Amino acid sequence: MQPTRPWVLLAIAVAIAALTWLGVRATFADLPPLPWTAVPALASLAIGEALTGRNLRERLSGRPGAKPVQPMAIPRMAAFAKASSTAAASFGGLAFGFASYAIGSLDKPVPRHDALTATATLLAAALLAAAALYLESACRAPEPPSDDDLPSANGQLGRRP
């Protein structure tokens, strides 16, 4: 599995934003007001993934007192982070497309509410994408120690001159 590239997430967001803008432009009058419930859900996921990434990084680095990680937990967390970043890009694109259409009518109450909700959703989706990329980077194996850090035959660190 390859690491997630941020430009791929950006491409997903831009494509979904364009499709959303076209759909909202054609059906805005028939749509109900945008719900705000995605904001706390995305923000909660972002906080959880950031904390999990920090915990996982400490455990993988072998800090004293840290519990070892089960081997199958790492690929599962990496897959979860990859899926979360893609979902965040999708939600962000959806929110951006909606906000970019509604921002033109801020003088009316319903489009103003929708623009504010979509902007908050976009920010929460960006936080989730950043947290997911952090969690995915925490799943990488730590760098092996260099030859200079390994003990030599006589027990001293480093190579002999």
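Below, the structure is looked at part by part. All figures in this text were calculated on a predicted structure; none of them were measured in a lab. (Residues numbered from 1 in each chain as written. Predicted model: local features only at pLDDT ≥ 70, side-chain atom pairs only at ≥ 80, totals over all residues. Heavy atoms only, no water.)

With that settled, consider the nonpolar core. One finds Leu 42, Ala 46, Ala 88, Ala 124, Ala 125, Leu 128, Ala 129 and Ala 131 forming the largest nonpolar core, which totals 8 residues. Looking at this core, the elements with two or more residues in it are α2 (38-60) and α4 (109-138). Among the elements that line this core, the one with the most residues is α4, at 5 residues. Once residues within four sequence positions are removed from consideration, Leu 42 is found in contact with Phe 91, Thr 121, Ala 124, Ala 125 and Leu 128. (Core = buried A, V, L, I, M, F, W, Y, C linked by side-chain atoms within 4.5 Å. Buried < 20%, exposed > 50% of the residue type's maximum accessible area, 1.4 Å probe, protein only. Helix = DSSP H or I, 4+ residues; strand = E, 2+ residues; numbered from the N terminus. Contact = heavy atoms within 4.5 Å.)

Moving on, we come to helix α1 (residues 6-27). End to end, α1 covers 31 Å across 22 residues, agreeing with the expected 32 Å (1.5 Å per residue, within 8%). Residues Leu 9, Ala 13, Ala 17, Thr 20 and Val 24 constitute the buried set of α1. For α1, the angular spread of the buried residues around the axis is 75°, confining them to a single face. Residues Trp 7, Val 14, Leu 19 and Ala 26 are exposed on α1 and point more than 90 degrees away from its buried face. Against α3 (73-102) and α4 lie the buried residues of α1. (Expected span 1.5 Å × (residues − 1). Arc of directions from axis to C-beta.)

Another aspect to go through is the packing of aromatic side chains. On inspection of all chains with the given rule, the structure shows 2 aromatic pairs. Centre to centre, the rings of Phe 28 and Phe 98 are 6.2 Å apart; their planes meet at 55°, and the pair counts as tilted. Of this pair, Phe 28 sits in the loop between α1 and α2 while Phe 98 sits in helix α3, and the two are 70 residues apart along the sequence. Phe 98 gets classed as buried once you look at its relative accessible area, which sits at 8%. Centre to centre, the rings of Phe 28 and Tyr 101 are 5.3 Å apart; their planes meet at 50°, and the pair counts as tilted. With Phe 28 in the loop between α1 and α2 and Tyr 101 in helix α3, this pair connects stretches of sequence that are 73 residues apart. Taken together, the aromatic side chains of Phe 28, Phe 98 and Tyr 101 make up a single cluster linked through ring pairs. (Phe/Tyr/Trp six-rings, centres within 6.5 Å; stacked < 30°, edge-to-face > 60°.)

The interhelical angle for the contact between α2 and α4, taken along N-to-C directions, is 15°, at an axis separation of 8 Å. The angle between α2 and α4 places the two elements in the roughly parallel class. When the axes of α2 and α4 are compared, the crossing they make is left-handed. Taken together, the residues of the contact of α2 with α4 break down into 19 nonpolar, 5 polar and 3 charged. (Axes fitted to C-alpha atoms, helices over the stretch in contact; angles between N-to-C directions. Parallel < 35°, antiparallel > 145°, perpendicular 65-115°, else oblique. Left-handed = near helix turned anticlockwise from the far one by under 90°. Nonpolar A, V, L, I, M, F, W, Y, C, P; charged D, E, K, R; others polar.)

All right, on to the side chain of Asp 114 then. As for its placement among the helices and strands, Asp 114 is situated in helix α4. Of the side chains with opposite charge, Arg 112 lies nearest to the buried Asp 114, which makes no salt bridge, at 11 Å. Side-chain polar atoms of Asp 114 contact the side chain of His 113, separated by 3.4 Å. Filtering out sequence-adjacent residues up to four positions away, Asp 114 remains in contact with Phe 28, Pro 33, Leu 34, Phe 98 and Ala 102. (Lys, Arg positive; Asp, Glu negative; His and termini not counted. Salt bridge = Lys/Arg side-chain N within 4 Å of Asp/Glu carboxyl O. Polar contact = N/O pair within 3.5 Å; in protein donor to acceptor, adjacent residues only side chain to side chain.)

Attention now goes to the environment of Ala 126. Relative to the elements of secondary structure, Ala 126 occurs in helix α4. Through-space distance from the C-alpha of Ala 126 to that of Ser 85 is 9.0 Å; in sequence the pair is 41 residues apart.

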